[in-house]
Amino acid sequence: VEPRYYHAQAPYPPSNVVVIAGGEASGVGRFNDVWSINSQNDFTPLPPLAQDRTKAAMVYDSLREQLLLFGGQAGAGATLNQPLLVRKSASAEDDWQPLVLRSTPRAPYWHAMVYDDRRDALVVFGGRAAGQAEGLQATSILDLATHTWTSSEYADGPSARWGAMMGYDTHRKR
């Protein structure tokens with residue numbers, strides 16, 4: 001596995017692995033490869049992404065036992081806003097499939113994202129958008145039951161930022 005940065009990663013508890021996707025490396029370029037890593041640091045290749053992807057975010061959807069990958073940049077710096085999901089396992093036989101959405105927010109990269117199991121939703125905050133010098137302050141929520149996005153900006157919320165991290169407390173549901 002080529003050393004990299006700006007890759008997406010998320011745990012996949014049913015297989016007790018972490019999955020990494022895409023990323024980039026100085027002097028090498030951007031990647032579309034996907035790997036699972038077990039507790040013994042064994043790397044197993046998984047089906048690649050359709051195109052290279054960097055600065056994306058990935059989460060585990062515990063209700064459906066699937067991984068969701070959203071946003072990021074492709075080769076020429078184009079932003080990608082179509083979520084992808086992997087079927088019910090992190091095995092080499094599964095492939096990434098597009099999730100058909102009823103609406104789509106601004107395509108972010110370097111954004112923070114969590115899965116909210118209480119609302120069965122993806123929560124996306126901040127990041128950057130193509131052609132925009134400043135970071136995004138918007139919070140976007142994808143209802144995974146209806147495949148519908150809602151977005152809002154809060155005047156008293158966190159300031160615009162990119163490269164941030166977010167966590168979801170499954171015990172306290174917040």
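Residues numbered from 1 in each chain as written. Predicted model: local features only at pLDDT ≥ 70, side-chain atom pairs only at ≥ 80, totals over all residues. Heavy atoms only, no water.

Within the fold, proline 14 resides in the loop between strand S1 (8-12) and strand S2 (17-21). Take proline 14: its relative accessible area is 42%, and that puts it in the partly exposed class. With 33 residues separating them in the primary sequence, proline 14 and proline 47 have C-alpha atoms 18 Å apart. Other than its neighbours up to four places away in sequence, proline 14 contacts Tyr60 and Glu65. (Helix = DSSP H or I, 4+ residues; strand = E, 2+ residues; numbered from the N terminus. Buried < 20%, exposed > 50% of the residue type's maximum accessible area, 1.4 Å probe, protein only. Contact = heavy atoms within 4.5 Å.)

A few words on the pattern of salt bridges. Following the criterion strictly, the structure yields 6 salt bridges and no others. Across the pair arginine 64 and aspartate 61 runs a salt bridge, and its minimum N-O distance is 2.9 Å. Taking the shortest distance from any N to any O, the salt bridge between arginine 64 and aspartate 120 comes out at 2.6 Å. Taken together, the positions of arginine 64 in the loop between strand S7 (57-61) and strand S8 (66-70) and aspartate 120 in the loop between strand S12 (112-116) and strand S13 (121-125) put the pair 56 residues apart, joining distant regions of the chain. (Salt bridge = Lys/Arg side-chain N within 4 Å of Asp/Glu carboxyl O.)

The predicted model of the protein chain has a mean per-residue pLDDT of 87, with 97% of residues at 70 or higher. For the protein chain, per-element mean pLDDT is lowest for strand S9 (residues 84-86), which scores 72, and highest for S2, which scores 95. (pLDDT = per-residue confidence, 0-100.)

Right, let's get into the environment of proline 3. In this structure, proline 3 sits in the segment before S1. Separated by 25 residues in sequence, proline 3 and valine 28 have C-alpha atoms that sit 9.9 Å apart. The contacts of proline 3, once residues within four sequence positions are left out, are Ala25 and Phe31.

Strand order across the open sheet formed by 4 strands is S7-S8-S9-S10, with antiparallel pairing between neighbours. Where the open sheet ends on each side, the last strands, each with one partner, are S7 and strand S10 (96-98). If you compare each strand with its neighbour and ignore which way they point, the axes differ by 30 degrees on average. Here S8 pairs with S9 via 3 bridges, running antiparallel. When the sheet's bridge partners are listed, leucine 67 is paired in S9 with valine 86. (Pairing = 2+ DSSP bridges. Axes fitted to C-alpha atoms, helices over the stretch in contact; angles between N-to-C directions.)

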